[in-house]
Amino acid sequence: MPEFFPEVKKPIKYEGPKSKNPLAFKHYNPKQKILGKTMEQHFRFAVCYWHTFKGTGADPFGSATMVRPYAASSDPLALAEATMEAAFEFMSKLGVKFWTFHDRDIAPEGENLTETNKNLDHMIKIAAKKQKETGISLLWGTANLFSHPRYMAGASTNPNPAVFAHAAAQVKKAMEVTKELGGEGYTFWGGREGYDTLLNTDLAREADQLGKFLNLAVDYKKAIRFKGQFYIEPKPKEPTKHQYDFDAQSCHAFLQKYGLMDHFKMNIEANHATLAGHSFHHDLAYASANGILGSVDANRGDRLLGWDTDQFPMDFQECALAMYYIIKMGGFKTGGLNFDAKVRRQSYEPVDLFYAHIGSMDAFAVGLKVAAKLLKDKFFEKLLKQRYGGWDKALGKDILSGKMSFKDLEAYTMKNGEPKTQSGRQELTELLLNEYLTTIS
Ligand code: XUL
Ligand code: CO
C-alpha cells in the first residue's frame, strides 16, 4: 500500500501545552473529559473531502499549486481510488473520526447519469471498506449541484424543469449512498440557488421550486427510511450574487413557509455568516435560540476580504463563543465540526494539511475550555439576568402575560415617570472575556 503522507509516520498525539512539536496537539486531548463528555465527543471533528483532498490551489489568476502525490493518474477512476486511499490515511493519522463529501468529490462523472452512478457505486464500496477498517464514520453526505454547466442557472431553482429533474435524480442517489455509508446527516447547501441579476429572475417562482425540491427530498427520505438529519447550510452570496439561503434567519423563514421545520436543522458555516454581515456566533446564537442548530462548518474569513476565503479557524475567541452556543444547545447530536476549510495557495505541501487541522483542533479545544469555564461561572447568564431583571418582576411579567394594554402602560408611565437607565457595560464584558481567554491552559 503506498504511503501518501510519509512526513507523518504515526498518529498525531496530544503532548500538552508545553510541547514545541508542531505535529502534536497542545490542547486537543481527545479523551479528556469536560462537562461530562470527552473532547472527542464534544467536537465530532470531520475532515471535508473537497478542499482537503481535491483542492488544487488554483485561483482566477493562476493554476494549481498543491503537491498531492496521490493525484498522479490521468485515469479518473484510478485517481479517485488513490485519493480515497490518501484521504483515509490522512484522517487516521490526524485522529479525526468523521468525514464529509459531495458525490462528485469521490467519483467522476461519466457520459450519462447511469455511468456516473456506476462510478459512484464503485467508490462507495471502497469507502465502506475504508470506514470499516479505520472506524471513521460519515458525518454527512451531499450532492454537488453547482459545478456542472447544466447547473449554471441553478439546480432546483432553474428556469428549466429538466434541470430540476436532473438535480432530483442526483440528490436521490446521493441520499441513497449516504444511507449506505451510515451517514448521520445529509446537507443541502444552495450551490447556485440564487440569481446573478433580478432582471431575468422570477424570484417567487424560484422559491416555490426550492420549497418543492426539499419537500420531495423529505418524501424520499421517508421512503428509503434514511434516519440521518437533514441540514440546510445558509450562505448569502457566492457563487451567485444573491443566494436564497441567505443566513440562518432567512432560512428559518423559508423552512416555516414551506412546512419543513420538522425535517431540517441548520449547518452553520463561520465564513458564510460573516459574508452575510454577521459574526459566526450571531448565526449560531440565532439557530440555537430557535432550536435549529444542528451542525457546523468550521472555518473563518479574512476581515479585509469580502469573499469566502474558507481559512482554517484559529481564533480563540471565535472558537470559544462558538463552543459556548454549541454546549448551550445541548451539544452535537448528529452534527459535528466539519472543517470546510482550505489551506492557502502557498501552503502547497501535504504536511500543511496537518498543520492546518492540528492548529484548528487546538483552537477549538481552547475554545471549549473557555466556554466550559464561562458556563461554570454563569458569566453571560449573570450578566443577562441583571440586564433583563425587570422582565422577571411584576411589570415585565404583566406585559408578557398579556395583562397590560397600551392604555395600562401609559398609566404606568404617567405614574412612575422617566425609566431608570443602566450601563450596558460592554467594555467591562470585553475586558472580563479577555481574562478568560488569557488564563486558560
Ligand atoms: C460552499 C460550501 C459547501 C458546502 C457543501 O461555500 O460551504 O462546500 O459546505 O456543499
Ligand atoms: Co460549507
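Right above here is the structure, for reference.
Let us look at the structure shown here. (Residues numbered from 1 in each chain as written. Chains lettered and ligands numbered in written order. Predicted model: local features only at pLDDT ≥ 70, side-chain atom pairs only at ≥ 80, totals over all residues. Heavy atoms only, no water.)

**Comments concerning the coordination of the cobalt ion (ligand 2)**
Okay, so step 1: Within the protein, Glu233 (OE), Glu269 (OE), Asp297 (OD) and Asp340 (OD) serve as the donor atoms for the cobalt ion (ligand 2), at 1.9 to 2.2 Å.
Okay, so step 2: Summarised as a motif, the one-chain spacing of the donors to the cobalt ion (ligand 2) is E-x35-E-x27-D-x42-D. Taken together, the residues span a long stretch of sequence, with Glu269 in strand S10 (residues 264-269) and Asp297 in strand S11 (residues 293-297) at a distance of 28 residues.
Okay, so step 3: In this structure Glu269 comes out as buried when scored by relative accessible area, which is 1%. (Donors = N, O, S within 2.8 Å, 3.2 Å for Na, K, Ca; no water. Helix = DSSP H or I, 4+ residues; strand = E, 2+ residues; numbered from the N terminus. Buried < 20%, exposed > 50% of the residue type's maximum accessible area, 1.4 Å probe, protein only.)

**Considerations on the nonpolar core**
Okay, so step 1: In this structure, Phe43, Trp99, Leu337 and Phe364 are the most contacted members of the largest nonpolar core, which totals 114 residues.
Okay, so step 2: Counting residues per element, this core draws most heavily on helix H12 (residues 350-376), at 15 residues.
Okay, so step 3: Apart from residues lying up to four places away in sequence, Phe43 is in contact with Tyr28, Met323, Phe332, Gly336, Leu337, Phe364, Ala365 and Leu368.
Okay, so step 4: Within the second largest apolar cluster, seven residues are counted, among which are Cys48, Leu139, Trp140 and Tyr231. (Core = buried A, V, L, I, M, F, W, Y, C linked by side-chain atoms within 4.5 Å. Contact = heavy atoms within 4.5 Å.)

**Concerning the pairing of strand S4 (residues 98-102)**
Okay, so step 1: With five of five residues buried, S4 is to be regarded as a mostly interior element.
Okay, so step 2: Of the two faces of S4, both are covered, the one formed by Phe98, Thr100 and His102 as well as the one formed by Trp99 and Phe101.
Okay, so step 3: In this structure, strand S3 (residues 46-48) lies alongside S4, joined through three bridges in parallel fashion. Residue pairing for S4: Cys48 is matched across the bridge by Thr100.
Okay, so step 4: The pairing of S4 with strand S5 (residues 137-142) spans five bridges and is classified as parallel. (Pairing = 2+ DSSP bridges.)

**Description of the pattern of salt bridges**
Okay, so step 1: The full count for this structure, using the stated rule, is 19 salt bridges.
Okay, so step 2: We note a salt bridge from Lys31 to Glu40, for which the minimum N-O separation is 3.3 Å.
Okay, so step 3: Residue Arg104 is joined to Glu109 by a salt bridge in which the shortest nitrogen-to-oxygen separation is 3.6 Å.
Okay, so step 4: Judged by its relative accessible area of 35%, Glu109 is partly exposed.
Okay, so step 5: Several salt bridges share partner residues, and in doing so they unite Glu3, Lys9, Glu89 and Lys93 into one network. (Salt bridge = Lys/Arg side-chain N within 4 Å of Asp/Glu carboxyl O.)

**Comments concerning the side chain of Asp283**
Okay, so step 1: For Asp283, the location among the structural elements is in helix H10 (residues 280-289).
Okay, so step 2: One buried charge, Asp283, has no salt-bridge partner; the nearest side chain with opposite charge is Lys235, at 13 Å.
Okay, so step 3: Among the polar contacts made by the side chain of Asp283, one reaches the main-chain amide nitrogen of Ala248 at a distance of 3.2 Å.
Okay, so step 4: Every residue in contact with Asp283, bar those within four places of it in the chain, is listed here: Asp247, Ala248, Ile268, Ala273 and His278. (Lys, Arg positive; Asp, Glu negative; His and termini not counted. Polar contact = N/O pair within 3.5 Å; in protein donor to acceptor, adjacent residues only side chain to side chain.)

**So, the packing of helix H11 (residues 316-328) against helix H16 (residues 426-439)**
Okay, so step 1: Put simply, H11 and H16 touch, their axes get as near as 11 Å, and they point 100° apart. The pairing of H11 with H16 is recorded here as roughly perpendicular in orientation. Seen from H11, the contacting residues are Phe316, Gln317 and Ala320; seen from H16, they are Leu433, Asn434 and Leu437.
Okay, so step 2: Its residues assigned to classes, the contact of H11 with H16 shows four nonpolar, two polar and no charged. (Axes fitted to C-alpha atoms, helices over the stretch in contact; angles between N-to-C directions. Parallel < 35°, antiparallel > 145°, perpendicular 65-115°, else oblique. Nonpolar A, V, L, I, M, F, W, Y, C, P; charged D, E, K, R; others polar.)

**Description of the side chain of Arg68**
Okay, so step 1: Mapped onto the secondary structure, Arg68 falls in the loop between helix H2 (49-54) and helix H3 (76-94).
Okay, so step 2: Buried within the structure, Arg68 lacks any salt-bridge partner; its nearest side chain of opposite charge belongs to Asp352, at an N-O separation of 6.7 Å.
Okay, so step 3: Only 3.3 Å separates the side chain of Arg68 from the backbone oxygen of Tyr348, close enough to count as a polar contact.
Okay, so step 4: The residues touching Arg68, leaving out its near neighbours within four places in the chain, are Thr52, Gly55, Val343, Tyr348, Glu349, Pro350 and Leu353.

**With respect to a nonpolar patch on the surface**
Okay, so step 1: A contiguous nonpolar patch, built from Leu384, Tyr388, Trp391 and Leu400 and spanning about 450 Å² of accessible area, is present on the exposed surface.
Okay, so step 2: Relative to the helices and strands, Trp391 is located in the loop between helix H13 (379-387) and helix H14 (394-400).
Okay, so step 3: Using a relative accessible area of 41% as the deciding quantity, one classes Trp391 as partly exposed. (Patch = residues over 30% accessible without salt bridge, like charges linked within 9 Å, V, L, I, M, F, W, Y side chains within 5 Å. Areas by Shrake-Rupley, 256 points an atom, 1.4 Å probe, with all protein chains shown as cover.)

**Here's the deal with the site of ligand 1**
Okay, so step 1: All residues adjacent to ligand 1 are Trp50, His102, Trp140, Trp189, Glu233, Lys235, Glu269, His272, Asp297, Asp308 and Asp340.
Okay, so step 2: Contacts to ligand 1 include Trp50, whose side-chain N or O atom sits 3.2 Å from an oxygen atom.
Okay, so step 3: Contacts to ligand 1 include Asp308, whose side-chain N or O atom sits 3.2 Å from an oxygen atom.
Okay, so step 4: Out of a free accessible area of 290 Å², ligand 1 has 94% covered by protein chains. (Near = heavy atom within 4 Å.)

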